[in-house]
Amino acid sequence: MSRDRGSAFLLTILFGLAVSGAALLAVVPVATTLIHRQQAHSAADAAALAGVRGGAAAAAALAAANGAELVEFSVAGQRVTVTVRVGDQQVSARATDEP
């Protein structure tokens with residue numbers, strides 16, 4: 001009987017490890033998406049602010065420095081709008097030089 005108990009304990013541990021591993025594999029893509037989204041927000045904000053003073057080149061450089069790709073840059077008066085991409089996340093931000 002004690003031998004059966006040891007087997008049941010081992011199976012319980014293995015089952016727990018399998019469930020934990022499956023849960024971890026389910027969480028990783030969600031966490032990666034959230035990290036990319038936050039990184040894209042930061043890069044878009046920085047790129048928009050840089051674009052107000054330095055134009056599209058400055059916006060692209062700052063987006064790249066923050067791990068993003070500048071997808072779109074537009075100017076309307078003193079308002080700059082940028083769109084950046086990190087992974088599959090695309091985010092827009094605006095900045096202005098007006099008071």
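Details of the structure are given in the entry above.
Reference entry: report on the structure contained in this document. (Residues numbered from 1 in each chain as written. Predicted model: local features only at pLDDT ≥ 70, side-chain atom pairs only at ≥ 80, totals over all residues. Heavy atoms only, no water.)

### Details of the sheet that holds strand β3 (residues 89-96)
Sheet architecture is open: three strands sit in the order β1-β2-β3, paired in antiparallel fashion. In this open sheet, the two edge strands, each paired with only one partner strand, are β1 (69-76) and β3. Ignoring strand direction, the axes of neighbouring strands in this sheet form an average angle of 15°. By the bridge criterion, seven bridges tie β1 to strand β2 (residues 79-86) in an arrangement that is antiparallel. Residue pairing in the sheet places Ser74 in a bridge with Thr81 of β2. (Pairing = 2+ DSSP bridges. Helix = DSSP H or I, 4+ residues; strand = E, 2+ residues; numbered from the N terminus. Axes fitted to C-alpha atoms, helices over the stretch in contact; angles between N-to-C directions.)

### Examining the side chain of Gln89
Take Gln89: it is sitting in strand β3. A polar side-chain atom of Gln89 sits 3.4 Å from a polar atom in the side chain of Asp88. Sequence-distant contacts of Gln89, defined by excluding residues within four places in its chain, comprise Thr33, His36, Arg37, Ala40 and Val84. (Polar contact = N/O pair within 3.5 Å; in protein donor to acceptor, adjacent residues only side chain to side chain. Contact = heavy atoms within 4.5 Å.)

### With respect to the nonpolar core
Counting residues in hydrophobic clusters, the biggest one holds 15 residues, and the most contacted among them are Ala47, Ala68, Val82 and Val84. Of all the secondary-structure elements, those providing two or more residues to this core are α1 (2-65), β2 and β3. Aside from chain neighbours lying at most four places away, what touches Val82 is Ala44, Ala47, Ala48, Ala59, Leu70, Glu72, Phe73, Val91, Ser92 and Ala93. (Core = buried A, V, L, I, M, F, W, Y, C linked by side-chain atoms within 4.5 Å. Buried < 20%, exposed > 50% of the residue type's maximum accessible area, 1.4 Å probe, protein only.)

### Quick look at the pattern of salt bridges
Per the counting criterion, the structure on display carries two salt bridges. Between Asp97 and Arg53 there is a salt bridge; the shortest N-O distance is 3.6 Å. Pair noted here: Asp97 is in the segment after β3 and Arg53 is in helix α1, with a separation of 44 residues, a long-range link. For Asp97, a relative accessible area of 38% puts it in the partly exposed group. Residue Arg53 is classed as exposed on the basis of its relative accessible area, which comes to 69%. Its salt-bridge partner being Arg85, residue Glu69 comes within 3.9 Å of it at the nearest N-O pair. Of this pair, Glu69 sits in strand β1 while Arg85 sits in strand β2, and the two are 16 residues apart along the sequence. Take Glu69: its relative accessible area is 45%, and that puts it in the partly exposed class. (Salt bridge = Lys/Arg side-chain N within 4 Å of Asp/Glu carboxyl O.)

These values are about where atoms sit, not about what they do.
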